[in-house]
Amino acid sequence: MKKIHSILIVALIVAVSCQTAKETTPTITNIESPAAKGSQEPNLFTDKKGNVYLSWVEKKEKKATLSFSKLENGKWSSPQIISEGDNWFLNWADFPSIAVNEDWMAAHWLQKRNKGTYDYDVRISLSSNDGKDWGESFIPHTDGVSAEHGFVSMMPLDENRMIATWLDGRYTKGDGQESADGHSMGGGPMTLRAAIFDKSGEILEEWELDNRVCDCCQTSVTMTDNGPVVVYRNRSEEEIRDMYIVRYVNGAWTAPQIIHADNWEIAGCPVNGPSIISSGQNTAVAWFTASGGLPTVKLALSNDAGATFSAPIIVSEEITSGRVGATMLPDQSVLISYMETKNETAQIMLAQYNQKGELLQKIEVAQSSSARSSGFPILTSNKEDVYISWTEIGETSMVRTAKVNL
């Protein structure tokens, strides 16, 4: 009888364990998009209160419209227009964004100058009434040069200030030629710059962070316990384009520091930037490289606010096209988004790692396309809730969003 009783207890434990595992299986719940058909270039932002915002672009004929929506009770609010224009620079990899502070908001887009097709400025507009009204836009870079300025990242510093970082082409003006991606060729190098602005739109400080960087890869910024840090793709004289970091420590920016020597030598810009996320001292950077001809997504972890990093973890290789995103959950695990192509379609993937660098799980979020027009999947988290947005393409494009329950 005791033996039978023991067997029943073991069976019950196994049954409960299986049920628990089943209950914690990740699920993806699509959220009806607030964007219309023809929408593209989504971006997500989570503020300190845990509110999630979505911005996107819609283009009709020659006019582009930047709108946003706030997630309320699991649904997106009615869209509100931030700005419209018929002279914007729209690019599948260089998209507008929104950032939300305590009681004010900032949004950016790229606006062309009259002198050249690929000469454009970063424009930032502010709102102090929950996005109902937006002020006249201002330019964070003070060079006044008709050149490329883009790949912006924005983030609050405190309740009165935000930081923006961008690629700055003031020294790139050469013979007027453009590459196949529509970027300037000739002249001097692209630089990385940053500025702090307040809720009135006043530029308080501006810096050059690196005097030679890759021309058209995204930047990424996060706040650590020690201050803001920025990651980006560098460019050496020998055309090595690896990931670098600069940190704002004790009132000054550190010298550019390599995160890992992939030694990816490439004569053109891969248009595939990094993503950084932090919580306290814990910091994680995800990026794409094709060093040695092997497409790879990598992850490096830091427990000292980006001063040093672990050896990189291979998240995906061979079948990946990169386009990475990153977020950090309350348990300090890191979630990475990226794209893979296993057949004619592309897969938007998530991979979760703990602080030891151990893989916890991988899941497929959605089917997409490897075409440039499908853009970059955007990832954010709100406590235990994870949200992702991407552009679905077909007869027309459409911004999609989903909640991921891990």
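Computed from a predicted structure; not experimentally measured.

A. Broad picture of the overall build of the chain. In terms of helices and strands, the chain carries 1 helix and 29 strands. Compactness check: the chain gives a C-alpha radius of gyration of 22 Å against a globular reference of 22 Å for 406 residues, within 12% of the reference. Along the first, second and third principal axes, the C-alpha atoms of the chain reach 90 × 50 × 45 Å. The burial tally for the chain puts 56% of its 406 residues in the buried class. The long-range share in the chain, meaning contacts at least 24 apart out of those at least 6 apart in sequence, stands at 50%. Of the roughly 18,000 Å² of accessible surface on the chain, a fraction of 48% belongs to carbon and sulfur atoms. Side chains of the chain give 36 positive and 51 negative charges; the mean places of these two sets differ by 5 Å.

B. Spotlight on the side chain of Gln111. For Gln111, the location among the structural elements is in strand β8 (residues 105-112). Here Trp109 takes part through its side chain, which lies 3.3 Å from a polar atom of the side chain of Gln111. For Gln111, the contacting residues outside a window of four places in its chain are Asn87, Trp88, Phe89, Tyr120, Asp121 and Arg123.

C. Molecular detail of the environment of Asn160. As for its position among the elements, Asn160 is in the loop between β10 (149-158) and β11 (161-168). What makes Asn160 partly exposed here is its relative accessible area of 38%. Here the alpha-carbon distance between Asn160 and Asn101, two residues 59 residues apart in the chain, equals 7.9 Å. Residues within four places of Asn160 in sequence aside, it is in contact with Asn101, Trp104, Phe197, Asp198 and Lys199.

D. Looking closely at the packing of aromatic side chains. Under the definition given, this model contains 13 aromatic pairs. Counting every residue linked through ring pairs, the aromatic cluster contains Tyr53, Phe68 and Trp134.

E. Here's a closer look at the pattern of salt bridges. Counting across every chain of the model gives 18 salt bridges. Overlapping salt bridges bring together Asp143, Asp168, Arg170, Arg193, Glu206 and Glu208 as one network.

F. Layout of the confidence of the model for the chain. Summarising the model, the chain shows a mean pLDDT of 91, and 90% of its residues fall at 70 or more. Counting interchain partners and residues more than four positions distant, the pLDDT-below-50 stretch residues 1-23 has 0 contacts. When the criterion is pLDDT under 50, residues 179-184 qualifies, and its contacts beyond four places in sequence or with other chains add up to 17 contacts.

G. Structural view of the environment of Ile276. Assignment of secondary structure puts Ile276 in strand β19 (residues 275-279). A sequence separation of 45 residues divides Ile276 from Val231, and the C-alpha atoms of the two residues are 6.9 Å apart. Among residues more than four places away in sequence, those in contact with Ile276 are Ser220, Val221, Thr222, Val229, Val231, Ile245, Thr283, Ala284 and Val285.

H. Fine view of the nonpolar core. Core analysis: the largest hydrophobic core is formed by 38 residues, its most contacted members being Leu192, Leu209, Val230 and Trp253. Those elements that place two or more of their residues in this core are β3 (52-60), β10, β11, β12 (190-198), β13 (203-213), β15 (227-233) and β16 (243-249). Of all the elements, β12 adds the most residues to this core, at 4 residues. Residue contacts for Val230: discarding those within four places in its chain leaves Thr165, Leu192, Leu209, Ser220, Val221, Tyr244, Ile245, Val246 and Trp253. Counting 31 residues, the second-largest nonpolar core is a separate cluster that includes Val57, Ile98, Met162 and Ala195.

Rules used in this analysis
- Per chain, residue numbering runs from 1 following the sequence as it is written.
- The model is predicted, so local features are restricted to residues of pLDDT at least 70 and side-chain atom pairs to those at 80 or more, both for listing and for counting; the totals for chains, interfaces and linings are taken over all residues.
- The basis for the side-chain values is all heavy atoms of the structure; hydrogens and waters are excluded.
- A run of H or I in DSSP counts as a helix once it spans at least four residues, and a run of E counts as a strand once it spans at least two, with each numbered from the N terminus.
- Computation of the radius of gyration draws on C-alpha atoms, with the globule rule given as 2.2 Å multiplied by the number of residues to the power 0.38.
- A 1.4 Å probe rolled over the protein chains alone gives each residue an accessible area, and that area as a share of the maximum for its type sets the label: buried under 20%, exposed over 50%, partly exposed in between.
- We call two residues contacting when some pair of their heavy atoms lies within 4.5 Å.
- Every accessible area reported is derived by Shrake-Rupley at a probe size of 1.4 Å, with residue values counting cover from the shown protein chains alone.
- When charges are tallied, Lys and Arg are placed among the positive residues and Asp and Glu among the negative ones, while His and the ends of the chain are skipped.
- For charged residues, the charge sits on one atom: NZ in Lys, CZ in Arg, CG in Asp, CD in Glu.
- Whenever a nitrogen or oxygen atom comes within 3.5 Å of another N or O atom, the pair is scored as a polar contact, on the condition that within protein one atom can donate a hydrogen and the other can accept it, and that pairs from neighbouring residues in sequence are kept only if both atoms are in side chains.
- Here a Phe, Tyr or Trp ring, Trp counted by its six-membered ring, pairs with any other such ring whose centre lies within 6.5 Å, and the pair is stacked when the planes are under 30 degrees apart, edge-to-face when over 60, and tilted otherwise.
- Throughout this description, the term salt bridge denotes a Lys or Arg side-chain nitrogen within 4 Å of a carboxyl oxygen of Asp or Glu.
- Per-residue confidence from the predictor is reported as pLDDT, a score between 0 and 100.
- For this analysis, a nonpolar core means a set of buried residues of the types Ala, Val, Leu, Ile, Met, Phe, Trp, Tyr and Cys, connected via side-chain atoms within 4.5 Å.

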